[in-house]
Amino acid sequence: MKKTFIRLYTIAISLIFIFAIAVFGFNIYKLQKNGHINAEKRLENIALKIKMIPPSCEFNTIEFNDRIQAALDNKSDFAYLQIKINNQTFYTYPSGIKPQNVNPKLIYSDTKSFTLNENNISIHADIFVLQPKLLSKYIKFSFLIILFATLLTVILILIEGHTQDEKDKVAARKEELEKEIDEILPGTHAVEDEPAAEENTDAAEAEVTEDDDDFDSTDFELPDHIIPEEPQDDNIFAAPAPEEHKAFVNEILGKPQVEESKQIADKETNEYKAQLNSNNTLTLPSEELKPMKLDNEPEGLFSPDTGFGWESYLLTRLDNELNRATASEIDLGLFIVKIAGVSRKDEITKKICDVISSHFQFKDLIFEYKNDSYVGLKIGSNSEQAFNFAQKLYVDLANVLNGRAKIYIGVSTKTIRIISGERLLKEADEALIHAQEDEDSPVVAFRANADKYRAFVENN
């Protein structure tokens, strides 16, 4: 292996190790710097999710407990968590006594209190500033980079060692052969070819120099048999005269055919000239003109402001998806998200659209709706799943807006019905109106009675 390659490889591997360590250190610094802010947001999200529990969900039931567990999400971020309802301990994690002597640099500690369905709820949380999940992620990333570089180095060392062993074996075999030759032919040894070649070249140059001295250009003459002869008049390859060529063409093709071809060419030229107007411009036929584009017609399938589909395409796509859902016997949810008072030209609209796009399955199932709303379709989502999905979407949008604007979500689902897109959209609109009227319930879902619908279908 060449020394230059080894030097460059050493520099490259050193840079890889430095990069891995630098990335790990930067991520830890960033995590430590933003740890308290992230921990505070984490606790606020838990409180907001618990506030979203509907009044219909009775206290101390299985459904209420499940919603509390869903609000807590990943519990590994907590050093200690305690939820009290009406000053009575409802939930603790981990089970046991609250740890004392909390280090504020490593753990964020705070308490949130609020009222839910006439019940006083208090949430106390000790949250790791360096979240174990993210810390493990950064360690794993740096470790994999270092491991890859180390394995690559080991492989190259093994290859180099094997190559060097082969070279040593070849050299040893060559020495053995030279010894055997010396034993068979005493005084004989291998002769290098390059000096001998140089001696032969010098001798050849000397001979050429001596010959050049005796050379006289006047003594050299061409033999008579290679002197070119003058062209004769009867040469069959001589070019014919112009008149002879014209006569030859007329004889082969016939003069009438030549005249007919000339007439056709003249006719096409006259037709082309007739298409030119007085300004010497060519007039195109009417069918080649491009149709005019209407002012209200949208360009492309997606809006440049949001990246979502145009509202004019909504009902057509909704009807198609409802037909597919009916044929496949699956459900379909429709969500209208209204961000009151935020224009689509606003800077925060991009963040809003990113959050909405991340929640739905496909980007072409999201459309602009009215001036400040968006419609999303979710395939395979029943009424309960759609409501939970809308609550999660509300929480993520509230984190982005941070109180800048109010959010309302209206939900409607197909629910085994054969229903038109216009009807499903109207139901979601009605749910959105109720969400705006009730300040305590910004997410409202329209729920159809499946039993009554079956009875209606059977009777009609």
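Since we're looking at a predicted model, the values are computed, not measured.

Caption draft 1: Region of the structure containing the overall build of the chain. Counting its secondary structure elements, the chain contains 12 helices and 9 strands. Partitioning the intrachain contacts of the chain with sequence separation of at least 6 by distance along the chain shows that 68% fall at a separation of at least 24. Just so you have it, the chain exposes about 32,700 Å², and 55% of that area is on carbon and sulfur atoms.

Caption draft 2: Summary view of the packing of helix α8 (residues 314-328) against helix α11 (residues 421-437). As a packed pair, α8 and α11 sit with axes 8 Å apart at the nearest point and diverge in direction by 105 degrees. As the angle between them shows, α8 and α11 are arranged roughly perpendicular. Between α8, through L314, L315, L318, D319 and L322, and α11, the contact on the second element is made entirely by G421, E422, L424 and L425. In terms of residue class, the contact of α8 with α11 is built from 6 nonpolar, 1 polar and 2 charged.

Caption draft 3: The pattern of salt bridges, seen in detail. The final tally for this structure, using the stated rule, is 11 salt bridges. Between K338 and D372 there is a salt bridge, with its nearest N and O atoms 3.0 Å apart. Placement of K338 in strand β5 (residues 332-339) and of D372 in the loop between β6 (366-369) and β7 (373-379) is noted, with a sequence separation of 34 residues between them. Classification of K338 as buried rests on a relative accessible area of 16%. By relative accessible area, which is 15% here, D372 ends up buried. Salt bridges linked by common partners bring R317, E321, R324 and D364 together as one network.

Caption draft 4: Structural detail: the confidence of the model for the chain. Of the residues in the chain, 69% have a pLDDT of 70 or more, and the chain-wide mean is 76. Of all secondary-structure elements in the chain, the lowest mean pLDDT belongs to helix α5 (residues 193-214), at 46, while β5 reaches the highest, 96. In the model, residues 203-241 has pLDDT below 50 throughout and makes 0 contacts with residues more than four positions away in sequence or in other chains.

Caption draft 5: Layout of the environment of Q361. Residue placement: Q361 occurs in the loop between α9 (349-359) and β6. Among the residues examined, Q361 registers a relative accessible area of 38% and is labelled partly exposed. Contact partners of Q361, with chain neighbours within four places excluded, come to L377, K378 and I379.

Caption draft 6: Seen up close, the packing of aromatic side chains. All chains considered together, the criterion is met by 6 aromatic pairs. An aromatic cluster of three or more residues is present, and its members are F335, F360 and F389. When the ring centre of F114 is taken as origin, the NZ or CZ atom of K51, which lies over that ring, is 5.4 Å away.

Caption draft 7: Focus on the pairing of strand β9 (residues 443-446). Bridge count for strand β8 (residues 407-413) against β9 is 4 bridges, and the pairing is parallel. Note that in β9 the partner of I409 across the bridge is V443. Handedness of the crossover joining β8 and β9 through α11: left-handed.

What counts and how
- Residues numbered from 1 in each chain as written.
- Predicted model: local features only at pLDDT ≥ 70, side-chain atom pairs only at ≥ 80, totals over all residues.
- Heavy atoms only, no water.
- Helix = DSSP H or I, 4+ residues; strand = E, 2+ residues; numbered from the N terminus.
- Contact = heavy atoms within 4.5 Å.
- Areas by Shrake-Rupley, 256 points an atom, 1.4 Å probe, with all protein chains shown as cover.
- Axes fitted to C-alpha atoms, helices over the stretch in contact; angles between N-to-C directions.
- Parallel < 35°, antiparallel > 145°, perpendicular 65-115°, else oblique.
- Nonpolar A, V, L, I, M, F, W, Y, C, P; charged D, E, K, R; others polar.
- Salt bridge = Lys/Arg side-chain N within 4 Å of Asp/Glu carboxyl O.
- Buried < 20%, exposed > 50% of the residue type's maximum accessible area, 1.4 Å probe, protein only.
- pLDDT = per-residue confidence, 0-100.
- Phe/Tyr/Trp six-rings, centres within 6.5 Å; stacked < 30°, edge-to-face > 60°.
- Lys NZ or Arg CZ within 6 Å of the ring centre and 35° of its normal.
- Pairing = 2+ DSSP bridges.
- Right-handed = clockwise from strand over helix to strand, strands pointing away.

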